[in-house]
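Reading the structure
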Amino acid sequence: MPVLNDTIDEISPLLRPNIARLKPYSSARDEHTGGGNVWLDANENPFRRKDDLNRYPDPHQKELKQTIARLKDISPNQVFLGNGSDEAIDLLVRAFCAPGRDKVLSFSPTYGMYKVCADVNDVEMIEVPLDKNFQPQWSPLQPYLDDPALKLIFLCSPNNPTGNLMDESIIAEILQNFKGITVIDEAYIDFANATSWLTKISDYPRLVVLQTMSKSTGLAGIRLGMAFANETMVGVMDKIKPPYNISTPTQKIALQSFDNQDSVLAEIETLKQSISELSSALRTMPLFTKVYHTDANFLLAITPWAQEVYSFLSAKGIIVRNRTAVLPGALRISAGTPEETEILIAELLSFNP
């Protein structure tokens with residue numbers, strides 16, 4: 001296990017110099033962390049609102065981080081919380097990539113926010129195509145690994161929009177050979193029969209694992225993303241985040257959700273069954289030429305009539321995702337309730353191209 005000084009030595013040279021020099025903003029809640037009876041330090045409205053919403057939230061989300069760390073069997077210092085995983089993605093690009101000079105890499109097709117964050121920050125995005133099974137290939141990737149301007153590699157596993165887990169051996173090769181930051185986005189890991197790379201963050205000082213409460217936990221509306229990494233990496237992200245990036249209601253709702261883990265696990269099993277039934281049904285329909293295996297709570301199906309099917313379902317009030325701009329003929333369909341799955345299958349069987 002790397003010691004802290006080792007991780008600093010691994011990460012500090014990769015930082016943008018201005019970020020390394022940056023003195024972070026110090027909020028009122030940073031300067032006084034103890035108790036009090038009369039709070040006159042943060043220019044808040046003193047008249048109490050329900051759930052103390054007249055007061056700023058805990059900028060370090062201490063109670064929530066402690067709870068998450070206990071559930072994940074890691075240290076609270078290895079947890080970063082963001083306004084969705086998108087905030088963590090953006091912060092990593094901003095921390096390590098100088099605009100107009102540095103580069104990031106992803107494997108296409110994949111989650112579109114990696115490229116958006118790169119574009120917003122004027123950072124070149126290298127897109128290495130996945131193979132026909134939507135797996136990363138080592139040979140096309142290898143030439144890029146020695147480029148000192150390549151600072152970040154993003155891998156989405158299970159991948160969006162393809163649904164499959166990425167080959168563990170290729171990920172291990174990247175972690176062992178790439179001198180930059182490897183980010184593994186596990187937004188859908190709770191639906192996969194696989195071990196999270198979270199268990200490896202102490203082995204690889206330049207590894208960041210992203211997870212979210214938007215998918216399996218059913219809390220997309222509170223916008224809470226999680227990044228797990230060594231203490232130095234988390235410190236970098238904390239240094240440049242907005243001071244109060246996680247609201248009080250979000251922190252409280254997230255904490256309450258951990259009291260309902262049995263319900264969440266039951267919902268995950270129901271959704272996995274729904275996607276399995278949907279996959280089996282679509283494979284019997286001549287309408288679809290290919291239905292891909294999925295390790296997520298959605299599947300990717302190919303049809304020559306993708307736009308027509310999308311419009312047909314939309315007219316019925318059934319909304320799926322048309323991904324033909326990413327993959328020809330591709331529809332991405334999320335797992336619904338058992339009743340919603342039955343409705344979708346019935347409507348697809350009635351479709352006449």
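In the block above lies the structure referred to throughout.
Anyway, here's the lowdown on the structure attached to this text. (Residues numbered from 1 in each chain as written. Predicted model: local features only at pLDDT ≥ 70, side-chain atom pairs only at ≥ 80, totals over all residues. Heavy atoms only, no water.)

1. Regarding the overall build of the protein chain
Selection criterion: For the purposes of this entry, the term helix denotes a DSSP run of H or I that reaches at least four residues, the term strand denotes a run of E that reaches at least two, and both are numbered from the N terminus. C-alpha atoms define the radius of gyration, and 2.2 Å times the number of residues to the power 0.38 defines the globule rule. Type-normalised accessible area, obtained with a 1.4 Å probe on protein chains alone, sets the label of each residue: buried when under 20%, exposed when over 50%, and partly exposed for intermediate values. For this analysis, residues touch if any pair of their heavy atoms sits within 4.5 Å. The accessible surface values rely on the Shrake-Rupley method and a 1.4 Å probe; as for residues, cover is taken only from the protein chains in view. Charge convention: Lys and Arg are scored as positive, Asp and Glu as negative, and His as well as the terminal groups of each chain are ignored. For the purpose of locating charges, the reference atoms are NZ of Lys, CZ of Arg, CG of Asp and CD of Glu.
Scanning the protein chain for helices and strands turns up 13 helices and 11 strands. Computed over C-alpha atoms, the radius of gyration of the protein chain comes to 22 Å, within 12% of the 20 Å expected from 2.2 N^0.38 for 353 residues, which places it in the range of a compact globule. Its C-alpha atoms give the protein chain principal-axis dimensions of roughly 70 × 55 × 35 Å. Residues classed as buried in the protein chain amount to 52% of the 353 residues present. Put simply, 69% of the contacts in the protein chain that link residues at least 6 apart link residues at least 24 apart. By element, 50% of the accessible surface of the protein chain is carried by carbon and sulfur atoms, the whole surface being about 17,100 Å². With 33 positive and 43 negative side-chain charges, the protein chain shows a spacing of 5 Å between the two charge centroids.

2. Overview of the pattern of salt bridges
Rule in force here: Salt bridge, as used here, is a side-chain nitrogen of Lys or Arg placed within 4 Å of a carboxyl oxygen of Asp or Glu.
Scanning the model with the defined rule gives 14 salt bridges in all. R206 is paired through a salt bridge with E10; the nearest N and O atoms lie 2.1 Å apart. Taken as a pair, R206 in the loop between β5 (181-185) and β6 (207-212) and E10 in helix α1 (residues 4-11) lie far apart in primary sequence, 196 residues in all. Classification of R206 by relative accessible area gives buried; the value is 11%. Given the relative accessible area of 32%, E10 is considered partly exposed. Between K115 and D119 there is a salt bridge, with the nearest N and O atoms lying 3.4 Å from each other. Within this pair, K115 and its partner D119 are both found in helix α6 (residues 113-120), separated by four residues, close to a single helical turn. Assessed through its relative accessible area of 34%, K115 is described here as partly exposed. Shared partners join several salt bridges into a network, and the residues in it are R29, D41, E44 and R55.

3. Re the pairing of strand β3 (residues 124-129)
As a reminder of what qualifies: Should DSSP find at least two bridges between two strands, the strands are taken to pair. A right-handed crossover is one whose linking path, passing over the helix from the first strand to the second, runs clockwise when the strands point away from the viewer.
Note: strand β2 (residues 103-108) against β3, six bridges, orientation parallel. Bridge pairing links K103 to E124 in β3. Considered for its hand, the β-α-β crossover made up of β2, α6 and β3 is right-handed.

4. Considering the sheet that holds strand β9 (residues 298-302)
Condition: The axes are straight lines fitted to the C-alpha atoms, using for helices just the contacting stretch, and the angles between their N-to-C directions are given from 0 to 180°.
Sheet architecture is open: four strands sit in the order β8-β9-β11-β10, paired in antiparallel fashion. Whereas interior strands pair on both sides, the edge strands pair on one side only; in this sheet they are β8 (290-291) and β10 (321-322). Bridge analysis of β9 against strand β11 (residues 330-334) gives five bridges, and the strand direction is antiparallel. Residue pairing for β11: A301 is matched across the bridge by L331. Its contacts with the sheet put helix α11 (residues 261-283) on β8, β9 and β11, and the angle it makes with β9 is roughly 10°.

5. Quick word on the environment of E10
Separated by 196 residues in sequence, E10 and R206 have C-alpha atoms that sit 7.2 Å apart. Look past the residues within four positions of E10 in its chain and what remains in contact with it is P205 and R206.

6. Overview of the pairing of β5
With five of five residues buried, β5 is to be regarded as a mostly interior element. Burial of the side chains of β5 extends over both faces: I181, V183 and D185 are buried on one face and T182 and I184 on the other. One ladder, built from five bridges, connects strand β4 (residues 150-156) with β5; its direction is parallel. When the sheet's bridge partners are listed, F154 is paired in β5 with V183. This β-α-β element, β4 to helix α8 (residues 168-177) to β5, shows right-handed connectivity. As defined by bridge partners, β5 adjoins β6 across four bridges and the pair is classed as parallel. Within β6, the position partnered with I184 by the bridge is V209.

7. Overview of a negative patch on the surface
To be explicit about the condition: Patches were defined on residues exceeding 30% relative accessible area and lacking a salt bridge, with like-charge contacts within 9 Å and nonpolar side-chain contacts (Val, Leu, Ile, Met, Phe, Trp, Tyr) within 5 Å.
Taken together, the side chains of E277, E339, E340 and E342 present a region of like negative charge at the surface. Per element, the largest residue contribution to the negative patch is three residues, and it comes from helix α13 (residues 338-350). As for its position among the elements, E339 is in helix α13. E339 gets classed as exposed once you look at its relative accessible area, which sits at 52%.

8. A short note on the environment of W138
By the element assignment, W138 lies in helix α7 (residues 138-141). The spatial distance from the C-alpha of W138 to the C-alpha of I174 is 8.6 Å, given a sequence separation of 36 residues. Sequence-distant contacts of W138, that is, excluding residues within four places in its chain, are made with L145, I170, E173, I174 and N177.

9. A look at the sheet that holds β5
Strand order in this open sheet of seven strands is β1-β7-β6-β5-β4-β2-β3, and the pairing throughout is mixed. Looking along the sheet, the strands with just one partner apiece sit at the ends: β1 (79-82) and β3. On average, adjacent strands in this sheet sit at an angle of 25° to one another, irrespective of strand direction. Where β1 meets strand β7 (residues 225-228), four bridges bridge the pair, whose relative direction is antiparallel. Note on β7: the bridge partner recorded for L81 is M226. In the packing of helix α4 (residues 62-72) onto the sheet, the strands contacted are β1, β6 and β7, and the crossing angle to β1 comes to about 125°.

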